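One letter stands for each residue in the lines below.
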Amino acid sequence: MDLNTVEDWVAAVDAEQLRRVHDGDPAVAVVAGGTWLFSTPQPHLRTLVDLTTLEWEPFTVTDGGLELAATCPIGVLDRIPLPAGWAARPLFRQCVRALLASPKVRSVATVGGNLCTALPAGAVTALTAALDGVAELWAADGGVRHVPVEKFVTGNRSTVLGPGEVLRSVRLPAAALRSTTASRRSSLTRGGRSAALVVGRRDPDGGFVLTVTASTARPEVFRLPTTPRPDELAAAVERRVAGAWWDDVHGAPDWRRATTLRFAAEIAEELA
Ligand SMILES: Cc1cc2nc3c(=O)[nH]c(=O)nc-3n(C[C@H](O)[C@H](O)[C@H](O)COP(=O)(O)OP(=O)(O)OC[C@H]3O[C@@H](n4cnc5c(N)ncnc54)[C@H](O)[C@@H]3O)c2cc1C
C-alpha cells in the first residue's frame, strides 16, 4: 500500500550517514525488502532509510561459520554453497519454505526484516535461533553490540532493538552448522502461516538443542547434554511454556500446544 505520510526516502550509503539519518526519531524507519512495512498503514512515519543501497555482501562463508547480512534476501538462504560437512544444510530450505510467501516476496524479504518484524512465525527467527545465531546491532551513537538471536526477539512484534539501532548481520557458528537437524511445521491451512515450527539439533559432541517457534510468542530454546527421551522432552517443553501458547487467527493455543509437544517428541525420536 502507499504510505502517504512518508515525505523522504533516503538511500543509505555508509554507516556514518545511516547513523545520522536513523537517529532514533520515531518518524524515521529503515526499510529493507519492504514486504511488511508496505503491508500495513504506518501513519507515524515521515522518512524511510533504504538499507539495501549499503550493498552489504549478502553472505560470507568462513571456517568459523556463516555470516548473513541483515539485507540478505530470504530466497537466497537455501542457495548458499555451504561446505559439505555442514550437515544442517537442509534446515535452510525447510525454513525458507516455512515463510508463507510467493517466490516474489521471498526474493526481496530480508533476513533482518524477518527478525526485526518479530512475528512468532518468523522463519528466519527459527533458522537462526536454532543454529545459535548471534545478531550484530549498530547503535546510532556508533556503538556495536552482539545479542544471541534467541534473546533478540522478546515477544510478538518486539525485539531488544533500541531507538535508532539497526541489525547489521547474524553470525551462525560452524559448530552449530555441523550438527544434524530435524524440523516439523504445521499450519491451519495448506501453505498457511506457521502455527508451530519446531527445530531439533544433535551436535557432534552429543549435545541436543530444541527450538520452538510460531506456537510461542518468542523462540523457546531447550539445551540438553544428550538427546532426551521423547516423553521427557515433551514434558520439559510443557513445563516451560505452561499456559503461554500463542493464540491468533493461525491457530488456537490448545491445538498449538498438542502439535508442538508431538513435534518435540518426534524430533527427539528422530535424532536419537
Ligand atoms: C504474502 C506475505 C507473507 C508473509 N509471511 C510471513 C511469514 O510466514 N512469517 C513471517 O515472519 N513474516 C511473514 N511476512 C511478513 C514479512 O514479509 C516478513 O517478515 C519479511 O521477512 C520482512 O522482511 P522485509 O525485508 O521485507 O522487512 P521490511 O518490511 O523492510 O521491514 C520490516 C520491519 O523491520 C524493520 N527493519 C528491517 N530491517 C531492519 C534492520 N536491518 N534493522 C532494524 N530494523 C529493520 C523495518 O523498519 C520494519 O519495521 C509475510 C509478508 C507477506 C507480504
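What counts as what
Residues numbered from 1 in each chain as written. Predicted model: local features only at pLDDT ≥ 70, side-chain atom pairs only at ≥ 80, totals over all residues. Heavy atoms only, no water. Helix = DSSP H or I, 4+ residues; strand = E, 2+ residues; numbered from the N terminus. Rg over C-alpha atoms; globule rule 2.2 N^0.38 Å. Buried < 20%, exposed > 50% of the residue type's maximum accessible area, 1.4 Å probe, protein only. Contact = heavy atoms within 4.5 Å. Areas by Shrake-Rupley, 256 points an atom, 1.4 Å probe, with all protein chains shown as cover. Polar contact = N/O pair within 3.5 Å; in protein donor to acceptor, adjacent residues only side chain to side chain. Axes fitted to C-alpha atoms, helices over the stretch in contact; angles between N-to-C directions. Left-handed = near helix turned anticlockwise from the far one by under 90°. Nonpolar A, V, L, I, M, F, W, Y, C, P; charged D, E, K, R; others polar. Near = heavy atom within 4 Å. Domains from an automatic or database assignment. 1 Å grid on protein atoms, 1.4 Å probe; cavity = no way out; pocket = protein on both sides within 12 Å on 5 of 7 lines; lining within 4 Å. Points joined across faces, edges and corners; volume = space filled by probe spheres on them. Core = buried A, V, L, I, M, F, W, Y, C linked by side-chain atoms within 4.5 Å. Expected span 1.5 Å × (residues − 1).

- In the nomenclature of an unreviewed UniProt entry, the protein is known as CO/xanthine dehydrogenase FAD-binding subunit of Kineococcus aurantiacus.

1. As for the overall build of the protein
Step number 1: Assigned secondary structure in the protein consists of nine helices and 14 strands.
Step number 2: On C-alpha atoms alone, the protein measures out to a radius of gyration of 18 Å, which is about the 19 Å that the 2.2 N^0.38 rule sets for 272 residues.
Step number 3: Principal-axis analysis of the C-alpha atoms places the extent of the protein at approximately 55 × 45 × 30 Å.
Step number 4: Split into buried and exposed, the 272 residues of the protein put 49% on the buried side.
Step number 5: The contacts of the protein with a sequence gap of at least 6 include a subset with a gap of at least 24, amounting to 59%.
Step number 6: Of the roughly 12,300 Å² that the protein leaves accessible, carbon and sulfur atoms contribute 52%.

2. Things to note about the side chain of Thr159
Step number 1: Tracing the chain through its elements places Thr159 in strand E9 (residues 158-159).
Step number 2: Only 3.1 Å separates the side chain of Thr159 from the backbone nitrogen of Leu161, close enough to count as a polar contact.
Step number 3: In contact with Thr159, not counting residues within four places along its chain, are Leu115, Cys116, Ala118, Phe152, Val153 and Thr154.

3. Digging into the packing of helix H8 (residues 230-241) against helix H9 (residues 253-271)
Packed helix pairs are specified by the crossing angle of their axes together with the interaxial distance, meaning the distance between the axes.
Step number 1: Here H8 crosses H9 at 145°, and the two axes come no closer than 8 Å. In the packing of H8 onto H9, the handedness of the crossing is right-handed. On the side of H8, the interface is formed by Pro230, Leu233, Ala234, Val237 and Glu238, while H9 contributes Arg257, Thr260, Leu261, Ala264, Ala265, Ala268 and Glu269.
Step number 2: Residues of the contact of H8 with H9, tallied by class, amount to eight nonpolar, one polar and three charged.

4. Describing the site of the ligand
Step number 1: If you check the shell around the ligand, you find 29 residues, and the closest are Val30, Gly34, Thr35, Leu100 and Thr110.
Step number 2: Note that an oxygen atom of the ligand is positioned 2.5 Å from one of the side-chain N or O atoms of Thr35.
Step number 3: Protein contacts shield 88% of the accessible area of the ligand, which totals 980 Å² for the unbound molecule.
Step number 4: Among the elements that line the shell around the ligand, the one with the most residues is helix H4 (residues 111-117), at five residues.
Step number 5: Taken together, domain 1 (8-53) and domain 2 (55-175) each give at least three residues to the shell around the ligand, which thus spans both.

5. Digging into the layout of surface pockets
Step number 1: Estimated volume of the largest pocket: approximately 1,200 Å³.
Step number 2: If you go around the largest pocket, you meet 49 residues; those closest to its centre are Trp36, Gly113, Cys116, Thr117 and Arg157.
Step number 3: Sorting the residues of the lining of the largest pocket by element identifies strand E2 (28-31), H4, E9 and strand E10 (166-173) as the ones contributing at least two each.
Step number 4: Here the element with the most residues in the lining of the largest pocket is H4; it accounts for five residues.

6. Topic: the nonpolar core
Step number 1: Of all hydrophobic cores here, the largest spans 53 residues; its most connected members are Leu66, Leu77, Phe92 and Leu131.
Step number 2: Per-element tally for this core: the top contributor is helix H5 (residues 123-130), with six residues.
Step number 3: Aside from chain neighbours lying at most four places away, what touches Leu131 is Ala88, Leu91, Phe92, Leu172, Pro173, Ala176, Leu177, Thr181 and Arg201.
Step number 4: Counting residues in each nonpolar core, the second largest holds 18 residues, with Leu233, Val241, Leu261 and Leu271 among its members.

7. Focus on H9
Step number 1: With 19 residues, H9 should reach 27 Å at 1.5 Å per residue; the first-to-last C-alpha distance of 26 Å fits that figure.
Step number 2: Where H9 is buried, its residues touch strand E11 (180-186), strand E12 (196-202), strand E13 (208-213) and H8.

8. Overview of the side chain of Arg256
Step number 1: With respect to the helices and strands, the residue Arg256 is situated in helix H9.
Step number 2: For Arg256, the side chain forms a polar contact with the main-chain oxygen of Trp246, separated by 3.4 Å.
Step number 3: At 2.9 Å, the side chain of Arg256 forms a polar contact with the side chain of Asp248.
Step number 4: Among all residues touching Arg256, those that are not within four sequence positions of it are Ser194, Ala195, Ala214, Ser215, Trp245, Trp246, Asp247, Asp248, His250 and Gly251.

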